[in-house]
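Below, each chain spelled out in residue letters.
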Amino acid sequence: MTTAAGTEGQRRDLLSRIIGLVLTVLFGASFVLLAWMALSSRFGWTSGDPHGYGMIFGTFLALITGILVAIAVPLMFPRARRGTAYLWSLIGYLAVAVGLIVALVTA
């Protein structure tokens, strides 16, 4: 039998997981679009961005939204697994950030 405190804790956990999902989708979509803008400016077949502003600002803004995604993704996991989720989320963010920065400085 569950107690009132246990039920309240389950509701809060479910609410934080739903908020984490919404934030991940919101920030994730922005991150994907900005990273696509930066990488397509760097590796695109056409010279639609002759001055590189899309690559510069796209990389900068993608790094900002990427850290927000890295913070929001672990909220989707149960409380017991969030520490590990934060670790893997930040490792993934660092890998993508290094790739974006390397693409920017080697242009």
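The structure displayed is predicted, hence computed values, not measured ones. (Residues numbered from 1 in each chain as written. Predicted model: local features only at pLDDT ≥ 70, side-chain atom pairs only at ≥ 80, totals over all residues. Heavy atoms only, no water.)

**Let's talk about the pattern of salt bridges**
As enumerated under the stated definition, the model contains two salt bridges in all. With a closest N to O distance of 3.9 Å, arginine 12 and glutamate 8 form a salt bridge. Highlighted residues: arginine 12 and glutamate 8, both in helix H1 (residues 4-43), separated by four residues, approximately one helical turn. Using a relative accessible area of 51% as the deciding quantity, one classes arginine 12 as exposed. In this structure, aspartate 13 engages arginine 82 in a salt bridge whose closest nitrogen and oxygen atoms are separated by 3.4 Å. Of the two residues, aspartate 13 is situated in helix H1 and arginine 82 in helix H3 (residues 82-105); the sequence distance between them amounts to 69 residues. The exposure class assigned to aspartate 13 is buried, which follows from its relative accessible area of 17%. (Salt bridge = Lys/Arg side-chain N within 4 Å of Asp/Glu carboxyl O. Helix = DSSP H or I, 4+ residues; strand = E, 2+ residues; numbered from the N terminus. Buried < 20%, exposed > 50% of the residue type's maximum accessible area, 1.4 Å probe, protein only.)

**What to know about helix H2 (residues 53-72)**
Between its terminal C-alpha atoms H2 stretches 28 Å, which fits the 28 Å expected from 20 residues at 1.5 Å a residue. Within H2, the full set of buried residues consists of Gly54, Met55, Gly58, Thr59, Ala62, Leu63, Thr65, Gly66, Val69, Ala70 and Ala72. (Expected span 1.5 Å × (residues − 1).)

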